[in-house]
Amino acid sequence: EEEEEEEDGALFSPPPVSSAAAPLRIVILGGGPAGLSAAIYAARAGLSPVVVAPAFGGQLQGKGVDVENFPGVLEATGPGLVARMRRQAAAFNATMVSDAAVRVDVSRSPFTITLGEAEAPLYARALVVATGADSRWLGVPGEHEYRGRGVSSCATCDGYLYRGKDVVVVGGGDSAAEEALLLARTSRSVTMIVRRGVLRASRSLATRVLEHPNIAVEWNVTVDRFEGNADGLRRAICRRGTKDGGSGQGAAADAELSVRASAAFVSIGHEPNTGLFRGQLALAAGGYLDMSEAGRSTRTSVAGVFAAGDVADRQYRQAITSAGSGAQAALDAERYLSEQGLEGS
């Protein structure tokens, strides 16, 4: 049986030929659950979608542990789930292009998408932006080595894997507080590592964290490195700083602290991949695509451009919610092309 994680190179094709006079109907930027769900729906609608995304990219591609919360999928790693989605989209004649957009012009229709490796740009009547959001990481030794083996950026995704174990949460904002409270339901103990002397979380969340019997907080502490063995993460080695979060002087301020942990959840924010659209599409706080005027649709501030997944979602950031929004974006794009009389062009 073919391994789910193996990359099937036969799925990828060179960029199709298009021009301003003969544009593609729809291009999808992003190859995660949002982009591939949009591709499946658009392909089944006969729109011949073109998916532009590096073969190796995406947050789900970096999840080596099992994905346990995607309905209908009992056993699959992140890469394995992406591989299944790719094959399904390709089966309906979606075109997969292993490349990245380096410049996009949505100032006029058809839109122009310049790729990193192709000589000619792509032209499209409709565009689905599903470029995702990258987790912010600490950049300390051991973080990359144990990613997928204890180090994670999503307690909702991976927390249940470490039920009954000691875990840490790095961060002091709302997301970190929410993750700590979630983990406290199933973990033996939760230690929050906070680099300041106060939580930045809302008052209600902070109160719940501080009053929870299963959550301890280490104040004025930063992670220095992660350590473990062949079985995975074992501890977070931290350093205690001054009250303002800076590096302290003297033994008390610069003391090393070892926190036992089978898992560490880094919750210090996300960076939505919207750089290509700054100055072209309306952005919300944090750089996410602004959907405040969209109602229940996925339309952005430019007609014909639609958003799906984490690039416009600062709240949920789950594979299943991304997939759902991808389906919505494809349906909205199909409706837009039909209203413009362009679905057959």
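Residues numbered from 1 in each chain as written. Predicted model: local features only at pLDDT ≥ 70, side-chain atom pairs only at ≥ 80, totals over all residues. Heavy atoms only, no water.

Engineer: Is there a simple way to think about the state of the cysteines in this case?
Structural biologist: One way to say it: the disulfide is the covalent bond shared by the sulfur atoms of two cysteines. Under the defined criterion, the tally for this structure stands at one disulfide. Between the sulfur atoms of C154 and its disulfide mate C157 the distance is 2.2 Å. Here the disulfide of C154 and C157 is right-handed, its torsion about the S-S bond being about 70°. (Disulfide = S-S within 2.5 Å.)

Engineer: Where do I start with the side chain of D166 in this structure?
Structural biologist: Tracing the chain through its elements places D166 in strand 9 (residues 166-170). Within polar-contact distance, the side chain of D166 engages the side chain of R188 at 2.9 Å. A polar side-chain atom of D166 sits 2.6 Å from a polar atom in the side chain of S189. Among residues more than four places away in sequence, those in contact with D166 are R188, S189, R260, A261, S262 and A263. (Helix = DSSP H or I, 4+ residues; strand = E, 2+ residues; numbered from the N terminus. Polar contact = N/O pair within 3.5 Å; in protein donor to acceptor, adjacent residues only side chain to side chain. Contact = heavy atoms within 4.5 Å.)

Engineer: Got a minute to help me understand the pattern of salt bridges in this structure?
Structural biologist: Pairing between side chains of opposite charge can happen when the charged atoms of each approach one another. In this structure the tally under the stated criterion is ten salt bridges. The residue R239 makes a salt bridge to E256 at a minimum N-O spacing of 3.4 Å. Of the two residues, R239 sits in strand 13 (residues 232-240) while E256 sits in strand 14 (residues 256-260), which places them 17 residues apart along the sequence. Residue R239 is classed as partly exposed on the basis of its relative accessible area of 26%. (Salt bridge = Lys/Arg side-chain N within 4 Å of Asp/Glu carboxyl O. Buried < 20%, exposed > 50% of the residue type's maximum accessible area, 1.4 Å probe, protein only.)

Engineer: It is not clear to me how the nonpolar core should be interpreted in this structure. Could you clarify?
Structural biologist: Note on soluble globular proteins: their nonpolar side chains tend to be buried together. In this structure, I26, I28, F70, L81, M96 and V128 are the most contacted members of the largest nonpolar core, which totals 38 residues. For this core, the elements supplying multiple residues, two or more each, are strand 1 (24-29), helix 1 (33-44), helix 2 (78-91), strand 6 (122-129) and helix 7 (319-339). Aside from chain neighbours lying at most four places away, what touches L81 is L60, V67, F70, V73 and A76. L24, F111, L122 and L127 belong to the second-largest nonpolar core, a separate cluster that totals 23 residues. (Core = buried A, V, L, I, M, F, W, Y, C linked by side-chain atoms within 4.5 Å.)

Engineer: Where do I start with the pairing of strand 9 in this structure?
Structural biologist: Taken residue by residue, a regular strand's side chains alternate between the two faces of the sheet. Here strand 9 lies mainly inside the structure; five of its five residues are buried. Pairing geometry for strand 9 and strand 10 (residues 189-193), over five bridges, is parallel. Bridging across to strand 10, V168 finds its partner in T191. Pairing of strand 9 with strand 15 (residues 263-266), which is carried by four bridges, proceeds in the parallel orientation. Counted as the bridge partner of V170 is V266 from strand 15. (Pairing = 2+ DSSP bridges.)

Engineer: Honestly, the packing of helix 1 against helix 7 in this entry has me stumped. Any pointers?
Structural biologist: In helix packing, the relevant descriptors are the interaxial angle and the interaxial distance, both defined with respect to the helix axes. Taken N-terminus to C-terminus, the directions of helix 1 and helix 7 make an angle of 35°; their axes are 7 Å apart at the nearest point. Here helix 1 runs over helix 7; the crossing is right-handed. Across the interface between the two elements, P33, A34, S37, A38, Y41 and A42 from helix 1 touch A319, S322, A323, S325, G326, A327, A330 and L331 from helix 7. Tallied by class, residues from the contact of helix 1 with helix 7 come to ten nonpolar, four polar and no charged. (Axes fitted to C-alpha atoms, helices over the stretch in contact; angles between N-to-C directions. Left-handed = near helix turned anticlockwise from the far one by under 90°. Nonpolar A, V, L, I, M, F, W, Y, C, P; charged D, E, K, R; others polar.)

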